[in-house]
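# Inside the fold
The primary structure of each chain is shown beneath.
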Amino acid sequence: MNKSRFWSGVFAVLVFLVSYQFRDILRFAGIGDALPPAEFSIFTNICQILLCLSGISLFYRFGLAGSLAEVGLFMPVKRAAVFALIATLPMAIGFAFTSYVSTSITFLGILAFTIVSPFAEELVFRGYIFRQLYRRAGLGFWFSALMPSVLFGLGHFYQAKEFAQIVGIMAITGFGSLFFCWIYMRWQDNLWIPFGLHFLMNFLWMVFAVDESALGGWFANVVRLLTMVIAIVLTLNKDRIWERLPLEIQQEIVDKDLSFYVVDGYRIARDAGLGG
């Protein structure tokens, strides 16, 4: 590892750790007691986002646009929306038939815990620290993904009330973080892909009042696992087509958000009775 890669990794870890602990820093300063939970969560997440974007801007001397591009926010959005909608069909259908719509949800709660919080988590854990370690510092996928994923799991420790719940929640959220790192990497660092999936999974979990924590029951975990399987299948099938394209064309598709189709010319010609 050359010096520039080394220092980019060190700097990214330092910024990430400050961002990771920022909620506790605000609580220590007394801000946590001054705001209701939803407002405090939104305020904390905004601060975490700004910290990471500022870290990119400071280290690489990027402007706002360059910092947003660095984490993958200038990538296609429509593709991410379609991907997330298809992948979460098992959760949407399963919860619609087995759960009820919560009567206690509020607009602020949905905004805080299904939109702002997942967006901040994806930007901080995937768009920032994972990408800086994997792409910039060149540390390899597993190390780059494991370090933030362990901390991601620990970050959901507060949801548990007993030892079995601690193990279950940390396992689910830690594995989920690895999964989102892989999804982010395979979709050429398009942050909208993991965010769209994360948003809809949280949204359905909250709207249908599945569980107060990320643990859930056996059925909730079955449909959640099916969602992850569909997301993996969609990603792998996308890659079969995507990787056959020259890099120049790939970039053109990303830049212009183009749609493309694969046509089996041999089959068309055979069906039309052309050729030998």
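Residues numbered from 1 in each chain as written. Predicted model: local features only at pLDDT ≥ 70, side-chain atom pairs only at ≥ 80, totals over all residues. Heavy atoms only, no water.

### A few points about the overall build of the protein chain
Check the secondary structure of the protein chain and you find 14 helices and zero strands. Listed by position from the N terminus, the elements making up the protein chain come as α-α-α-α-α-α-α-α-α-α-α-α-α-α. Put simply, of all contacts in the protein chain between residues at least 6 apart along the chain, 75% involve residues at least 24 apart. For the protein chain, the exposed area adds up to about 15100 Å²; of that, 69% sits on carbon and sulfur atoms. (Helix = DSSP H or I, 4+ residues; strand = E, 2+ residues; numbered from the N terminus. Contact = heavy atoms within 4.5 Å. Areas by Shrake-Rupley, 256 points an atom, 1.4 Å probe, with all protein chains shown as cover.)

### A closer look at unusual backbone geometry
Within the chain, Gln 188 stands out as a residue other than glycine whose phi angle is a positive 55°. Relative to the assigned elements, Gln 188 resides in the loop between helix H10 (163-186) and helix H11 (192-207). We note that Asp 189 has phi near 60°; this positive angle belongs to a residue other than glycine. Looking at the secondary structure, you find Asp 189 in the loop between H10 and H11.

### Let's talk about the side chain of Glu 122
For Glu 122, the position within the fold is in helix H8 (residues 107-136). Since its relative accessible area comes to 0%, Glu 122 is described here as buried. Not counting residues up to four positions away in its chain, the partners in contact with Glu 122 are Gly 127, Phe 180, Leu 191, Pro 194, Phe 195 and His 198. (Buried < 20%, exposed > 50% of the residue type's maximum accessible area, 1.4 Å probe, protein only.)

### Side note on the environment of Val 116
Relative to the helices and strands, Val 116 is located in helix H8. Between the C-alpha atoms of Val 116 and Asn 45, which are 71 residues apart in sequence, the distance is 6.9 Å. Look past the residues within four positions of Val 116 in its chain and what remains in contact with it is Ile 42, Asn 45 and Leu 111.

### Thoughts on H11
Here H11 is 16 residues long and its end C-alpha atoms lie 21 Å apart, about the 22 Å a rise of 1.5 Å per residue gives. Just beyond H11, the residue with positive phi is Ala 209, at close to 50°. (Expected span 1.5 Å × (residues − 1).)

### A word on the nonpolar core
Of all hydrophobic cores here, the largest spans 31 residues; its most connected members are Phe 16, Val 71, Leu 73, Leu 123, Tyr 128 and Phe 130. When residues of this core are traced back to their parent elements, those giving at least two are helix H1 (3-20), helix H4 (37-60), helix H5 (64-71), H8, helix H9 (141-154) and H10. The greatest single-element share of this core, amounting to nine residues, is contributed by H8. Apart from the residues within four sequence positions on either side, Phe 130 is in contact with Phe 125, Arg 135, Phe 141, Ser 144, Ala 145, Cys 181, Tyr 184 and Met 185. Core analysis: the next-biggest nonpolar cluster, separate from the first, contains 20 residues, Phe 179, Val 223, Met 228 and Ala 231 among them. (Core = buried A, V, L, I, M, F, W, Y, C linked by side-chain atoms within 4.5 Å.)

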